[in-house]
Amino acid sequence: MAEIVLEGITKRYPDGAVAVKDVNLSVGDGEFVILVGPSGCGKSTTLNMIAGLEDITEGTLLIDGQVVNDKTPKDRDIAMVFQSYALYPHMSVRDNMGFALRLAKVDKAAIREKVEEAARILDLTEHLDRKPANLSGGQRQRVAMGRAIVRNPKAFLMDEPLSNLDAKLRVQMRTQISRLQQRLGSTTIYVTHDQTEAMTLGDRVVVMRGGVVQQIGTPQHLYEQP
Ligand code: ADP
Ligand code: ADP
């Protein structure tokens, strides 16, 4: 669990493009925050800076009160779930979900236990021995989440995790993600361009436009004062 604080975060790409301008945001321990806005408004760049996948040009990023600007993604202990599932096609669901733990030399029995627990939460128990090619899109996305959960990260970052799914599945997965987040109680930042997702998923919504934060509020608050 973690508190994530952005103080005056700015991203200027080497070509001079300023993708994110002076963003201030505080995400509380266990809070579920949605970053929403049109394509190109700086959502992914913001998320990537929090994850450590992009350098921060200006400003300070704090996790649990510690400045982490110069820390590697690994040392930040934050898990990221992308819209492309990036599963290993030749590995079973079980091995995909346990992969990071095997790399970290966690012992086999513990890996088995963690993977099976995540599979129960994500309703994947019956699919543990299948390959990704034999799963539906929603199941694959759940495997990608399972891979993140088993590491017990301090926080989850999700970048458009549902945008490859059809409309019906998106609605189902929205409910599952809400339940999952409540059950785990993990600090979560979720990026989407979909207004409905933004208004139904999180505790708080951050509206971005042109690299700046335009509005922050609860879904109810934003609904009443759009
Ligand atoms: P998104 O779904 O977040 O809008 P994009 O299709 O805009 O994704 O970007 C995909 C990839 O291309 C990202 O890695 C991003 O950093 C990179 N990218 C986007 N815009 C540019 C650009 N103007 N110049 C160089 N790379 C870019
Ligand atoms: P979003 O996730 O909201 O779609 P991005 O964070 O991907 O937006 O992009 C924000 C802006 O930064 C866009 O104008 C995009 O073209 C630009 N951008 C993204 N990645 C790069 C990059 N690697 N180099 C230059 N510009 C980029």
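Treat the numbers as computed from the prediction; the structure is a model and nothing was measured.

**Examining the sheet that holds strand 4 (residues 58-63)**
If you walk across this open sheet you meet the 4 strands as 2-1-4-5, and the pairing is antiparallel. Since the sheet does not close on itself, it has two edges, and those belong to strand 2 (18-27) and strand 5 (66-67), each with one partner. As paired elements, strand 1 (residues 4-12) and strand 4 share 5 bridges and run antiparallel to each other. Within strand 4, the position partnered with V5 by the bridge is L62. With respect to the sheet, helix 1 (residues 43-51) is in contact with strand 1, strand 2 and strand 4, its orientation differing from that of strand 1 by roughly 120 degrees.

**Some words on the nonpolar core**
If you look at the biggest cluster of nonpolar residues, it comprises 38 residues, and the most contacted ones within it are I34, M97, V143, M145, I177 and Y190. In terms of residue count, the dominant contributor to this core is helix 5 (residues 137-149) (5 residues). Discounting chain neighbours no more than four positions away, the residues touching M145 are V81, L122, M158, P161, M173, I177 and L180. By size, the runner-up hydrophobic cluster in this structure holds 28 residues, among which are L35, I56, I63 and I189.

**Some thoughts on the site of ligand 2**
Neighbouring residues of ligand 2: Y13, D15, A19, P38, S39, G40, C41, G42, K43, S44 and T45. A distance of 3.1 Å separates an oxygen atom of ligand 2 from a polar backbone atom of C41. Considered on its own, ligand 2 offers 560 Å² of accessible surface; in the complex 60% of this is hidden by protein. Looking at which element gives the most residues to the shell around ligand 2, the answer is helix 1, with 3 residues. Along the lines of polarity and charge, the residues of the shell around ligand 2 split into 4 nonpolar, 5 polar and 2 charged.

**Brief notes about helix 4 (residues 108-121)**
With 14 residues, helix 4 extends 20 Å from end C-alpha to end C-alpha; this agrees with the ideal 20 Å at 1.5 Å per step. Among the residues making up helix 4, those that are buried are I111, V115, A118 and A119. Down the axis of helix 4, the buried set is contained in an arc of 100 degrees. They therefore lie on one face. Within helix 4, the exposed residues directed more than 90 degrees away from the buried face are A109, E113 and R120. Residues of helix 4 that are buried in the fold lie against helix 3 (93-103) and helix 5. The opening residue of helix 4, the one whose side-chain oxygen lies 3.2 Å from the backbone nitrogen of A109, is D107.

**Describing the packing of aromatic side chains**
Evaluated as defined, the whole model comprises 2 aromatic pairs. Aromatic pair Y88 and F99: ring centres 4.7 Å apart, planes at 50 degrees, arrangement tilted. Residue Y88 is found in the loop between strand 6 (78-81) and helix 3, and its partner F99 is found in helix 3; the two are separated by 11 residues along the sequence.

**What about the sheet that holds strand 6?**
Within a sheet, neighbouring strands are paired by backbone hydrogen bonds and run either parallel or antiparallel to one another. Pairing within the open sheet is mixed, and its 6 strands lie in the order 6-7-8-3-9-10. Across the chains shown, the open sheet's two edge strands, defined by having one partner strand only, are strand 6 and strand 10 (212-217). Looking at each pair of strands side by side, their axes are set apart by 20 degrees on average, direction ignored. As paired strands, strand 3 (residues 32-36) and strand 9 (residues 204-209) are joined by 4 bridges and run parallel to one another. What sits directly across from V33, in strand 9, is R204. Sheet contacts for helix 1: strand 3, strand 6, strand 7 (155-159), strand 8 (187-192) and strand 9; angle to strand 7, the most-contacted strand, approximately 150 degrees. The sheet contacts of helix 5 involve strand 6 and strand 7, and relative to strand 6 the element is tilted by about 170 degrees.

The rules behind each value
- Residues numbered from 1 in each chain as written.
- Chains lettered and ligands numbered in written order.
- Predicted model: local features only at pLDDT ≥ 70, side-chain atom pairs only at ≥ 80, totals over all residues.
- Heavy atoms only, no water.
- Pairing = 2+ DSSP bridges.
- Helix = DSSP H or I, 4+ residues; strand = E, 2+ residues; numbered from the N terminus.
- Contact = heavy atoms within 4.5 Å.
- Axes fitted to C-alpha atoms, helices over the stretch in contact; angles between N-to-C directions.
- Core = buried A, V, L, I, M, F, W, Y, C linked by side-chain atoms within 4.5 Å.
- Buried < 20%, exposed > 50% of the residue type's maximum accessible area, 1.4 Å probe, protein only.
- Near = heavy atom within 4 Å.
- Polar contact = N/O pair within 3.5 Å; in protein donor to acceptor, adjacent residues only side chain to side chain.
- Areas by Shrake-Rupley, 256 points an atom, 1.4 Å probe, with all protein chains shown as cover.
- Nonpolar A, V, L, I, M, F, W, Y, C, P; charged D, E, K, R; others polar.
- Expected span 1.5 Å × (residues − 1).
- Arc of directions from axis to C-beta.
- Phe/Tyr/Trp six-rings, centres within 6.5 Å; stacked < 30°, edge-to-face > 60°.

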